Amino acid sequence: MSEKDIFVLGIETSCDETAAAIVKNGREIVANVVASQMESHQRFGGVVPEIASRHHVEQITLVLEETMKQANMDVSEIDAIAVTEGPGLVGALLIGVNAAKALAFAHRIPLVGVHHIAGHIYANQLVQDMKFPLLALVVSGGHTELIYMKEHGVFEVIGETRDDAAGEAYDKVARALQLPYPGGPHIDRLAKQGKPTIDLPRAWLEEGSYDFSFSGLKSAVINTLHNAKQRGETILPEDMAASFQTSVVEVLVGKTIQAAAHYDVKQILLAGGVAANEGLRTQLQKQVEQLPEVELVIPPLSLCTDNAAMIAAAGTVLFQQGKRATMALNANPSLLL
Ligand code: KG4
Ligand code: ZN
């Protein structure tokens, strides 16, 4: 059986990266371009939506041109265009959605809308074939979710954060420690030099719940730093980083392992920017050994953070399932999975 190769162009503009990519058969990256705006947001200590939109407008055409050039392909060779329709910043999403619609309309190419988190999960498909049932832990600046998948394209959110996302907690704690934005990598680095000597809470929540909560932990860090300052005591930032990271990782890994055992999954996938965290990777690798039947997949860093290859990979599955978006496709900042 020889089927024709499918080339999908992915477009992602939900937050602060303008990205486009071409993926072959949902598995092979042909071109992958990401224009980051990190530097523009750094001095504000977080992503400024208006600035993000403006950058996307400036970058989108260049990023698309660069992608076609990298792939050495013509738009006429593209079988489908997959674009992030949500969730994310509405003004940012709109730039990608409109670019995708314009291209699809002008060249009569089928259009598919993709959920950003589905994209993060399908980044794994670019590394290894998915084996069902599987469990995905999605941890980023905007998301902390445990997702159970019985088959392609079917997502069941079995746990999510009730307040801050894991990456958001990292960034806020980093700010309290006067570290630059985004703070996650800085805390990760400091944590390796310190000892987890400070007593901080772990939000296990009710028995059997796979939900998360990080705002209590974040407040505990801020209060501990504040109280120490008032008493004239010094807390080593590396010890605080190590203590905070231990608390976050213990809960993330603990709940993931519990859920993987409960749902009897074949694979655990890690996704999102916080998947870069060394403490999380190491602990997850160690604890998965308790479940010898379960395979752990962690994509390379460039596919963990926001990119369009993951959107093209997820879009390919939807395209093959016959899903199509019309020219009425709109950005949906609070789209459900
Ligand atoms: O997936 P991502 O690039 O963007 C969103 O969709 O949010 O994730 C960015 C988040 C930021 O909060 C950043 O601090 C965090 O990922 N992050 C890390 C690490 N590297 C990035 N958090 C902890 N440890 C890291 N090494
Ligand atoms: Zn993301």
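How each quantity is defined
Position numbers for residues count from 1 along each chain, tracking the sequence in the order it is written. Chains carry letters from A onward and ligands carry numbers from 1 onward, assigned in written order. Only residues with pLDDT of 70 or above have their local features reported here, since the model is predicted, and side-chain atom pairs are shown and tallied only from 80 upward, although totals for entire chains, interfaces and linings are computed over all residues. Hydrogens and water molecules were not included; the side-chain quantities draw on all heavy atoms of the structure. Under the DSSP-based scheme used, a helix requires at least four consecutive residues in state H or I and a strand at least two consecutive residues in state E, with every element numbered from the N terminus. Take the residue count of a helix, subtract one, and multiply by 1.5 Å to get its expected span. Three labels apply to residues, based on accessible area from a 1.4 Å probe with only protein chains included: buried if under 20% of the type maximum, exposed if over 50%, partly exposed otherwise in between. To qualify as a nonpolar core, a set must consist of buried Ala, Val, Leu, Ile, Met, Phe, Trp, Tyr and Cys residues joined through side-chain atoms within 4.5 Å. Coordination shells were defined by N, O and S atoms within 2.8 Å of each metal, extended to 3.2 Å for Na, K and Ca; water is absent from the atom set, which can make sites look incomplete. Every angle between 85 and 135 degrees makes a four-donor site tetrahedral, while opposite donors more than 155 degrees apart, with all other angles between 65 and 115, make a four-donor site square planar and a six-donor site octahedral; other sites are irregular. Between any two strands, at least two bridges found by DSSP are needed for them to pair.

Moving on, we come to helix 8 (residues 237-262). Between its terminal C-alpha atoms helix 8 stretches 37 Å, which fits the 38 Å expected from 26 residues at 1.5 Å a residue. Taken across its 26 residues, helix 8 has 19 buried, putting it largely inside the fold. Asp264, located one to two residues past helix 8, shows a positive phi value of around 50°.

Moving on to the nonpolar core. Core analysis: the biggest nonpolar cluster contains 49 residues, and Ile187 and Phe244 have the highest contact counts within it. Elements supplying a minimum of two residues to this core: strand 6 (134-139), strand 7 (144-149), helix 5 (166-176), helix 6 (184-193), helix 7 (215-230), helix 8, strand 9 (267-271) and helix 9 (278-288). When residues of this core are assigned to their parent elements, the largest contribution, 12 residues, is made by helix 8. Val8, Ala82, Val114 and Ala312 belong to the second-largest nonpolar core, a separate cluster that totals 35 residues.

Octahedral six-donor coordination of a metal ideally yields angles of 90 or 180 degrees, compared with 109.5 degrees for tetrahedral four-donor coordination. Around the zinc ion (ligand 2), the protein contributes the donor atoms His116 (NE2), His120 (NE2) and Asp306 (OD), which lie 2.1 Å from the metal centre. The coordination sphere of the zinc ion (ligand 2) comprises 4 donor atoms, whose angles at the metal cover 92 to 142°; the geometry is irregular. In primary sequence terms, the donor set of the zinc ion (ligand 2) follows H-x3-H-x185-D. Placement of the pair is His116 and His120 together in helix 4 (residues 116-122), with a separation of 4 residues, close to one helical turn. By relative accessible area, which is 5% here, His116 ends up buried. Relative accessible area serves as the criterion here: at 1%, His120 is assigned to the buried category.

Before going further, it helps to spend a moment on the pairing of strand 1 (residues 7-12). Judged by how many residues are buried, strand 1 sits mostly within the fold: 6 of 6 residues are covered. Burial along strand 1 is two-sided: Phe7, Leu9 and Ile11 and Val8, Gly10 and Glu12, pointing in opposite directions, are all buried. For strand 1 and strand 2 (residues 17-24), the ladder comprises 6 bridges, and the chain directions are antiparallel. Its bridge partner lying in strand 2, Glu12 is registered against Ala19. In this sheet, strand 4 (residues 80-86) lies alongside strand 1 in parallel orientation, the contact comprising 4 bridges. Bridge pairing links Val8 to Ala80 in strand 4.

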